[in-house]
Amino acid sequence: MPQIIIEGIDVPAHVIATIIGLAMCIWGVQLARFISSLAFAAVLGYATHILTYGLFHSVALSILFTILAIFIGFIIGFTLFKVALSIVFGYAISTILVRGAVLTLLMTIVLAAVIYILSSNVLAVLFAATGASLVYKSTIALGLQPTIALIIAILIGVVGVYNQLRRRM
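Residues numbered from 1 in each chain as written. Predicted model: local features only at pLDDT ≥ 70, side-chain atom pairs only at ≥ 80, totals over all residues. Heavy atoms only, no water.

Novice: An account of the environment of isoleucine 115 is requested, with residue identities and associated values reported.
Specialist: Within the element layout of this structure, isoleucine 115 appears in helix α5 (residues 101-141). On the accessibility criterion, isoleucine 115 (11% relative accessible area) is buried. Taking the C-alpha atoms as reference, isoleucine 115 lies 7.3 Å from glycine 90; in sequence the two are 25 residues apart. With near-sequence residues (within four places) excluded, isoleucine 115 lies in contact with Ser86, Phe89, Gly90, Ile93 and Leu126. (Helix = DSSP H or I, 4+ residues; strand = E, 2+ residues; numbered from the N terminus. Buried < 20%, exposed > 50% of the residue type's maximum accessible area, 1.4 Å probe, protein only. Contact = heavy atoms within 4.5 Å.)

Novice: Describe the environment of glycine 77, with residues and values.
Specialist: By the element assignment, glycine 77 lies in helix α3 (residues 59-79). What makes glycine 77 buried here is its relative accessible area of 0%. Through-space distance from the C-alpha of glycine 77 to that of alanine 39 is 7.6 Å; in sequence the pair is 38 residues apart. Residues within four places of glycine 77 in sequence aside, it is in contact with Arg33, Ser36, Ser37, Phe40 and Ala84.

Novice: Lay out a nonpolar patch on the surface with the relevant residues and their values.
Specialist: Residues Leu55, Phe56, Leu61, Leu64, Phe65, Leu68, Phe71, Ile72 and Ile75 make up a contiguous nonpolar surface patch of about 860 Å² in total accessible area. Among the elements of the structure, α2 (32-56) and α3 are those that each provide at least two residues to the nonpolar patch. Turning to its location among the elements, phenylalanine 56 is positioned in helix α2. The exposure class assigned to phenylalanine 56 is partly exposed, which follows from its relative accessible area of 43%. (Patch = residues over 30% accessible without salt bridge, like charges linked within 9 Å, V, L, I, M, F, W, Y side chains within 5 Å. Areas by Shrake-Rupley, 256 points an atom, 1.4 Å probe, with all protein chains shown as cover. Salt bridge = Lys/Arg side-chain N within 4 Å of Asp/Glu carboxyl O.)

Novice: Explain the packing of aromatic side chains residue by residue, including any values.
Specialist: Scanning the entire structure with this criterion turns up one aromatic pair. Considering the side-chain rings of phenylalanine 56 and phenylalanine 65, the 6.1 Å spacing of their centres and the 15° angle between planes classify their relative orientation as stacked. Over the ring of phenylalanine 78 we find arginine 33; its NZ or CZ atom is 5.7 Å from the centre of that ring. (Phe/Tyr/Trp six-rings, centres within 6.5 Å; stacked < 30°, edge-to-face > 60°. Lys NZ or Arg CZ within 6 Å of the ring centre and 35° of its normal.)

Novice: Run through the side chain of threonine 139, naming residues and quoting values.
Specialist: Note on placement: threonine 139 falls in helix α5. Within the local environment of threonine 139, its side chain forms a polar contact with the backbone oxygen of tyrosine 136, the two atoms lying 3.1 Å apart. (Polar contact = N/O pair within 3.5 Å; in protein donor to acceptor, adjacent residues only side chain to side chain.)

Novice: Before we move on, can you summarise unusual backbone geometry with the specific residues and values?
Specialist: Positive phi, close to 50°, is recorded for histidine 57, a residue that is not glycine. With respect to the element layout, histidine 57 can be found in the loop between α2 and α3.

Any functional reading would require information beyond the geometric quantities listed.
Below is the structure:
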C-alpha cells in the first residue's frame, strides 16, 4: 500500500483542506447557506453537549439533546444564515480575544451584532480570507515555500473577493 503520510504530514487531509479553501474563497457567499447550516449545527451541538453533560452527567441525555440541537442548528443555520454566520464568526473571534465564559458570551454578542450589520459587505471578504488562509497553511504543510504560498493565497483571495462581489452585483 502506498504511503500517504510524509514525515507526520497527512497529505490527503491537506489536499482536501486546500480544495475546501479554494471553494470557500471562490464561492463562499454562494455556499453560505450550506456552510452556515453545518457550522451553526456543529457549534450548537457542541455547546449543547458540553452544557447538558455538565448538568445531568448522563451520556444518554447529552447525546439526545445534542442530536436535537444539531437538527435545530441546521434549520436555523439555513433559514437565518446571516444571523448564524454572524454568531459563529463572532464566537470564533471572541474565543481568541478573551478568556472566561461571561466575557466570551458578551464579546460574541457584540461581535455578532457588528458582523451582522456589516455582513453584506464583509461576508465575501471573510469567506475569501478564511479560504485563502486554509490554502496557505495547507500548501506550506505540503512543502511549498512560505513566500510562494503567501503569493498564491493572496492571489486566490483577491480573485475570490472579486468573484463573490461580482456575482452579488
